[in-house]
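Each chain is listed here by its residues.
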Amino acid sequence: MSWGTELWDQFDNLEKHTQWGIDILEKYIKFVKERTEIELSYAKQLRNLAKKYQPKKNSKEEEEYRYTACKAFLSTLNEMNDYAGQHEVISENMTSNITVELARYVQELKQERKSYFHDGRKAQQHIEICWKQLESSKRRFERDCKEADRAQQYFEKMDADINVTKADVEKARQQAQVRHQMAEDSKADYSSILQKFNHEQHEYYYTHIPNIFQKIQEMEERRIVRIGESMKTYAEVDRQVIPIIGKCLDEIVKAAESIDQKNDSQLVIEAYKSGFEPPGDIEFEDYTQPMKRTVSDNSLSNFRGEGKPELKFGGKSKGKLWPFIKKNKLSLKLGATPEDFSNLPPEQRRKKLQQKVDELNKEIQKEMDQRDAITKMKDVYLKNPQMGDPASLDHKLTEVSQNIEKLRLEAQKFEAWLAEVEGRLPARSEQARRQSGMFDAQNPATVNSCAQDRESSPDGSYTEEQSQEGEGKVLATDFDDEFDEEEPLPAIGTCKALYTFEGQNEGTISVAEGETLYVIEEDKGDGWTRIRRNEDEEGYVPTSYVEVYLDKNAKGAKTYI
């Protein structure tokens, strides 16, 4: 089955059919391109959706994500980002493996098709020229034959006429001979051209056209195979991401299965527990007695506006309805939250104070790290005056020291309030006391004095007496013991020493020019990088003395400092 033999006379139709094939290929390219755009748009919409429902930083929403159900939802949002990433992969792979490749192939196909049909038209033009030559020689031969017949008839007429001179007869005879010779020459020329045309025509229909049409057929079959392969690739691109999409869905299911309703219920208790005892029974007031009625301490009217009954923690409260009074809410609307959180119930107040103490300790540690870095830099300037003026750092060092002292005083103030609350709350576990304990057992008098200077109002808030002599005198315990056995920091890259550095101060390490070491902590903006030579030898060096190569898994790039 060959187009050259079966379709030898369908040159124009083949030209139309091959153009249609190219149009189909371009239509498929357009289809895949639009699919990639849809995948990108879908991925973008998924990412925007996940971002829209992400909890806002430093907001109430972020606190809500302590609950397991909210954590599972957050995991779902994160998995949706990965899910969207797979659709971006689909778009990228379809673009590179189908759209780009087929677009290049279409250009090659057009050039190849143009070449074949150019050769076909050239062969057609040649056979048409041969046909025209044949027709011309045939007409000339026909004309010469007619002229020879007329000359012969004229000669015979002159020869039969007795009135014509012999010279005229001879002239007519010679003219007839000339015409016969011309007819013979035209006949020979016509015969020659006819043989040549037949040969060219045979070559055209049995050699040139079959070869050209065979090449066109092969070109068209390659196009068909190529579009089939592209369709397979189209399916494979989708199939390749199915396992990863399946993992994303599995992680969503896993997150859903991790939801613990009991744990969430416990978190609600921890979030809203006031630490108060339920109110006791209201005593009966006998109005039948003929004595002047006095308002008892347990009466509702007394509770609602007059006096401040003493609140006793750890025992049963008799006739106190203060947990249900809305005075606390009113006070919050009228003014700002007190610094010591005295408007909160004991348990919630303890948590807020503990959180505040932890924040202050972090700030203190940050300031101390900055002070140490400035001190190290000053030592470097003292040993290498060309690097900088040591006196320029004195003002900054003084400012940081003042900040540390200010933060310590602030922390001591909140620690005193925390100790006061913990002294009033019912007995808690030893582990919980260690977690919230910022005070040493050697200061019970200070804690008790703070507790005695404060009273509880019926609405759960606290009021302070004028005497606050014990406040601020409580000493914080030493936290260093918690970090004595700190695990060594992992290496995040390597570095090469550009210059020799003599680390003579505490915390620094000496390095030789050209030496290669491990980086365990980047420069935090203080001009020092923490490095390690071996498991027992590490310290800081000036960042300008080394060339740092961060691990790709840590930062993803090489940094030159």
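Just so we're clear, the structure is a prediction, and the values are computed from it rather than from any experiment. (Residues numbered from 1 in each chain as written. Predicted model: local features only at pLDDT ≥ 70, side-chain atom pairs only at ≥ 80, totals over all residues. Heavy atoms only, no water.)

Before going further, it helps to spend a moment on the overall build of the protein. Scanning the protein for helices and strands turns up 12 helices and seven strands. Residues counted as buried form 34% of the 561 residues belonging to the protein. Within the protein, contacts between residues separated by at least 24 positions form 70% of all contacts whose residues are at least 6 apart in sequence. For the protein, the exposed area adds up to about 36,700 Å²; of that, 51% sits on carbon and sulfur atoms. (Helix = DSSP H or I, 4+ residues; strand = E, 2+ residues; numbered from the N terminus. Buried < 20%, exposed > 50% of the residue type's maximum accessible area, 1.4 Å probe, protein only. Contact = heavy atoms within 4.5 Å. Areas by Shrake-Rupley, 256 points an atom, 1.4 Å probe, with all protein chains shown as cover.)

Here we come to the side chain of Ser2. Examined against the element boundaries, Ser2 turns out to sit in the segment before α1 (3–6). Among the polar contacts made by the side chain of Ser2, one reaches the side chain of Gln214 at a distance of 2.8 Å. What Ser2 contacts, discounting residues up to four positions off in sequence, is Leu7, Gln214 and Gln217. (Polar contact = N/O pair within 3.5 Å; in protein donor to acceptor, adjacent residues only side chain to side chain.)

Okay, the sheet that holds strand β3 (residues 493–497) next. In spatial order, the strands read β6-β5-β4-β3-β7; together these five strands make up an open sheet with antiparallel pairing. In this open sheet, the two edge strands, each paired with only one partner strand, are β6 (537–542) and β7 (546–550). Shown here is a sheet whose adjacent strand axes are inclined to one another by a mean of 40 degrees, direction ignored. Bridging between β3 and β7 involves five bridges; their strand directions are antiparallel. Paired with Cys495 across the two strands is Val548, which belongs to β7. (Pairing = 2+ DSSP bridges. Axes fitted to C-alpha atoms, helices over the stretch in contact; angles between N-to-C directions.)

Each aromatic ring pair is characterised by the separation of its centres together with the angle its planes make. In total, this model carries 13 aromatic pairs according to the counting rule given. Aromatic pair Phe31 and Tyr234: ring centres 5.7 Å apart, planes at 40 degrees, arrangement tilted. Here the residue Phe31 occupies a position in helix α2 (residues 11–52), and Tyr234 occupies one in helix α5 (residues 166–257), the gap between them amounting to 203 residues. Overall, the relative accessible area of 40% leaves Phe31 in the partly exposed class. In textbook terms, an aromatic cluster arises when at least three aromatic residues are bridged by ring pairs, as seen for Tyr499, Phe501, Trp528 and Tyr545. (Phe/Tyr/Trp six-rings, centres within 6.5 Å; stacked < 30°, edge-to-face > 60°.)

Counting 40 residues, the largest nonpolar core has Leu25, Tyr28, Met94, Ile98, Phe213 and Ile216 as the members making the most contacts within it. Looking at this core, the elements with two or more residues in it are α2, α4 (68–160) and α5. With 16 residues, the top contributor of residues to this core is α4. Setting aside its immediate chain neighbours within four residues, Ile98 contacts Tyr28, Val32, Asn93, Ser230, Thr233 and Tyr234. (Core = buried A, V, L, I, M, F, W, Y, C linked by side-chain atoms within 4.5 Å.)

Before going further, it helps to spend a moment on the pattern of salt bridges. Per the counting criterion, the structure on display carries 23 salt bridges. With a shortest N-O distance of 3.0 Å, Glu101 and Arg104 are connected by a salt bridge. Here Glu101 and its partner Arg104 are both found in helix α4, three residues apart, which amounts to about one turn of the helix. Owing to a relative accessible area of 42%, Arg104 belongs among the partly exposed residues under this scheme. Here Arg222 ties to Glu112 by a salt bridge, and the two come within 2.4 Å at their closest N and O atoms. On the criterion of sequence distance, the pair formed by Arg222 in helix α5 and Glu112 in helix α4 is long-range, its members being 110 residues apart. For Arg222, a relative accessible area of 38% translates into the label partly exposed. Each member of the salt-bridge network shares a partner with another, and the members are Glu521, Lys524, Arg530, Arg532 and Glu538. (Salt bridge = Lys/Arg side-chain N within 4 Å of Asp/Glu carboxyl O.)

What follows concerns a nonpolar patch on the surface. Taken together, the side chains of Trp8, Tyr205 and Tyr206 make up a nonpolar region of the molecular surface, amounting to roughly 360 Å² of accessible area. As for its position among the elements, Tyr206 is in helix α5. (Patch = residues over 30% accessible without salt bridge, like charges linked within 9 Å, V, L, I, M, F, W, Y side chains within 5 Å.)

Counted at 1.5 Å a residue, the expected span for helix α6 (residues 261–272) with its 12 residues is 16 Å, and the 17 Å between its end C-alpha atoms agrees. The inward-facing, buried residues of α6 abut α4 and α9 (346–383). Where α6 starts, the residue carrying a side-chain oxygen 3.1 Å from the main-chain nitrogen of Lys262 turns out to be Asp260. (Expected span 1.5 Å × (residues − 1).)

Take the environment of Asp358 next. Locating Asp358 in the fold gives a position in helix α9. Looking at Asp358, the relative accessible area reads 34%, which means it is partly exposed. For the pair Asp358 and Glu415, spaced 57 residues apart in sequence, the C-alpha separation works out to 10.0 Å.

Before going further, it helps to spend a moment on the confidence of the model for the protein. Scored by pLDDT, the protein has a mean of 78; 78% of the residues are at 70 or more. When mean pLDDT is compared element by element in the protein, α2 scores highest at 94, while helix α12 (residues 444–452) scores lowest at 37. Predicted confidence for residues 292–335 stays below pLDDT 50, and this span has 59 contacts to residues more than four positions away or in other chains. Across residues 555–561 the pLDDT falls below 50, and counting only partners more than four positions away or on other chains, this stretch makes 16 contacts in the model. (pLDDT = per-residue confidence, 0-100.)

What follows concerns the packing of α2 against α4. Remark: α2 packs on α4, axes separated minimally by 8 Å, with the N-to-C direction vectors making an angle of 165 degrees. Looking at the two axes, α2 sits roughly antiparallel to α4. Relative to α4, the crossing made by α2 is left-handed. Taken together, the residues of the contact of α2 with α4 break down into 25 nonpolar, 11 polar and 10 charged. (Parallel < 35°, antiparallel > 145°, perpendicular 65-115°, else oblique. Left-handed = near helix turned anticlockwise from the far one by under 90°. Nonpolar A, V, L, I, M, F, W, Y, C, P; charged D, E, K, R; others polar.)

Both strand β4 (residues 516–521) and strand β5 (residues 528–534) contribute to a ladder of three bridges, which runs antiparallel. Note that in β5 the partner of Val519 across the bridge is Ile531. Between the antiparallel neighbours β4 and β5 lie six residues, among them Gly525 with a positive phi of about 100 degrees. Relative to β6, β5 runs antiparallel, the two sharing six bridges. Each bridged residue has a counterpart across the sheet, and for Arg530 the counterpart in β6 is Tyr540. Counted along the chain from β5 to the antiparallel partner β6, the turn is two residues long.

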